[in-house]
Amino acid sequence: MTVKVDILQADEISKVAAFVRENPEASFFHLPEWKSVIERAFGHRVPYLVARRGGAVEGVMPLVHVKSRLFGNALISNAFCVRGGAVAASEEARKALDAKALQVLDEVQAEYLEVRSPVVRHSEDEGWLAREDLYFNFSRAIEPSEEACLKQIPRKQRAVVRKALTDPTLTTTLDTTVDDFFRLYAFSVRNHGTPVFAKKYVRLLREAFGPACEVLTIRKDGAPVASVLSFLFRDTVLPYYTGGTFEARKLGANDLMYWHVMRRAADQGLTQFDFGRSKAGTGPFSFKKNWGFTPEPIVHEFLMAGGADLPNLNPTNPKYALFIKAWKRLPLPLANAVGPHIVRNIG
């Protein structure tokens, strides 16, 4: 039987999710639940592709059509995520998914197709261009014992963790709401000059992924000072969004937060800690290296329609410098009100 590719149907989400969890190439960001989250949170069209042979799922490729006057017209796999591209049980299914993605690119008349993955999968001879200098990922195994886990952290950073662990004013909670997390996250991204998404997006993530989406918060005398939203997938914990007060760094609250995420993951039987992506030359990039993690490039592959130039929506692009500088000065309520209308079009 030949492989056929079509759009994800609502009644097959559990079947497709099972395929993603079983395919070793697939990531958390390939799960079909992202389709509903992105559609409801940002209003984008999400043609999530499914390759089938008969009644069996043989591959998937999440796509998001992000179109705006300010940032252009793009088809991204997977937007608002760090991973995407086709994952399949056969080469025939992989090729069929890529071919269907090109068909969708033509249908939506996007300027380019962007694929985010750990390796280069497409050829320059076919018109693809790859960039490996935009973002880097940080991941490593979690040692099962606390002492061995501490020894993984370089001495200077380890001292910060040990000090925070002995501070009786710092406590840790697993939150049932996203309110404290979102306040801290919105404060942090405003201070970095970045628009924040709407709180609705975080609520939808919790709704879609349930126990696989956790919020852990560090409190100083009961007041939240650092918080992180993490995803759990197979044997891995992924602290994905984080925020904190100015005081958090001085207290070592951020280090304590990641330590507790790591140890909670070990207690749950997870064995990998995925620190997520960061841009080279930024504070988060240095922070993760100081924890002893090794940066690994994330590949961004682009197929430009009509020979257009590569997009550069990276915040380090000099043309955004004045915008970032001004955004940092916005009153937080105004930044929170305007930000979602901007960030939904960046992807």
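Fair warning: this is a prediction, and the values are worked out from it, not measured in the lab.

Going through the model one piece at a time under the given rule, you end up with 16 salt bridges. The shortest N-O distance in the salt bridge between R162 and E147 comes to 3.2 Å. Of this pair, R162 sits in helix α5 (residues 155-165) while E147 sits in helix α4 (residues 146-152), placing them 15 residues apart in sequence. By relative accessible area, which is 36% here, R162 ends up partly exposed. Among the charged side chains, a network of salt bridges with common partners joins E25, E91, R94 and R121.

This part is about the sheet that holds strand β3 (residues 56-61). Across a sheet, paired strands are connected by hydrogen bonds in the backbone, their directions being either parallel or antiparallel. What the four strands build is an open sheet, ordered β1-β2-β3-β6; its pairing is antiparallel. Each edge of the sheet is formed by a strand with only one pairing partner; in this case those strands are β1 (3-7) and β6 (87-88). When strand β2 (residues 49-53) meets β3, the two strands line up antiparallel, connected through five bridges. When the bridges of β3 are listed, L49 appears paired with M61. In the packing of helix α3 (residues 91-108) onto the sheet, contacts are made with β1, β2, β3 and β6, and the angle to β2 comes to roughly 140°.

Take the packing of α5 against helix α9 (residues 253-267) next. Between α5 and α9, the shortest axis-to-axis distance is 9 Å and the interhelical angle comes to 85°. Judged by the angle between their axes, α5 and α9 are roughly perpendicular. Of the residues in α9, those touching α5 at Q157, V160, V161, A164 and L165 are D255, L256, W259 and H260. In terms of residue class, the contact of α5 with α9 is built from six nonpolar, two polar and one charged.

Right, let's get into the side chain of K288. Locating K288 in the fold gives a position in helix α10 (residues 283-290). Within the structure, the side chain of K288 is placed 2.9 Å from the backbone oxygen of F275, a separation counted as a polar contact. For K288, the residues in contact, after removing those within four places along its chain, are F138, F275, G276, R277, S278 and F293.

Those residues of helix α1 (residues 13-22) that sit buried are V16, A17, F19 and V20. One side of α1 carries all its buried residues, which in axial view fall inside an arc of 155°. Exposed residues lying more than 90 degrees from the buried face of α1 are S14 and E22. Looking at the buried side of α1, the elements it contacts are α2 (33-42), β2, β3, β6 and β11 (223-233).

Glancing now at the layout of surface pockets. Rolled over the atoms, a probe with the dimensions of a water molecule shows which regions are left empty. Estimates place the volume of the second largest pocket at around 420 Å³. Around the second largest pocket, the lining comprises 22 residues; the ones closest to its centre are S27, R83, N137, S139 and D274. Only β8 (128-141), β12 (236-244), β13 (272-278) and β14 (295-304) provide two or more residues apiece to the lining of the second largest pocket. If one sorts the elements of the lining of the second largest pocket by residue count, β14 sits on top with three residues.

Once that is clear, we can look at the environment of A130. Relative to the elements of secondary structure, A130 occurs in strand β8. Note on A130: relative accessible area 40%, which makes it partly exposed. Counting along the chain gives 115 residues from A130 to K15, while the straight-line C-alpha distance between them is 32 Å.

Conventions used here
- Residues numbered from 1 in each chain as written.
- Predicted model: local features only at pLDDT ≥ 70, side-chain atom pairs only at ≥ 80, totals over all residues.
- Heavy atoms only, no water.
- Salt bridge = Lys/Arg side-chain N within 4 Å of Asp/Glu carboxyl O.
- Helix = DSSP H or I, 4+ residues; strand = E, 2+ residues; numbered from the N terminus.
- Buried < 20%, exposed > 50% of the residue type's maximum accessible area, 1.4 Å probe, protein only.
- Pairing = 2+ DSSP bridges.
- Contact = heavy atoms within 4.5 Å.
- Axes fitted to C-alpha atoms, helices over the stretch in contact; angles between N-to-C directions.
- Parallel < 35°, antiparallel > 145°, perpendicular 65-115°, else oblique.
- Nonpolar A, V, L, I, M, F, W, Y, C, P; charged D, E, K, R; others polar.
- Polar contact = N/O pair within 3.5 Å; in protein donor to acceptor, adjacent residues only side chain to side chain.
- Arc of directions from axis to C-beta.
- 1 Å grid on protein atoms, 1.4 Å probe; cavity = no way out; pocket = protein on both sides within 12 Å on 5 of 7 lines; lining within 4 Å.
- Points joined across faces, edges and corners; volume = space filled by probe spheres on them.

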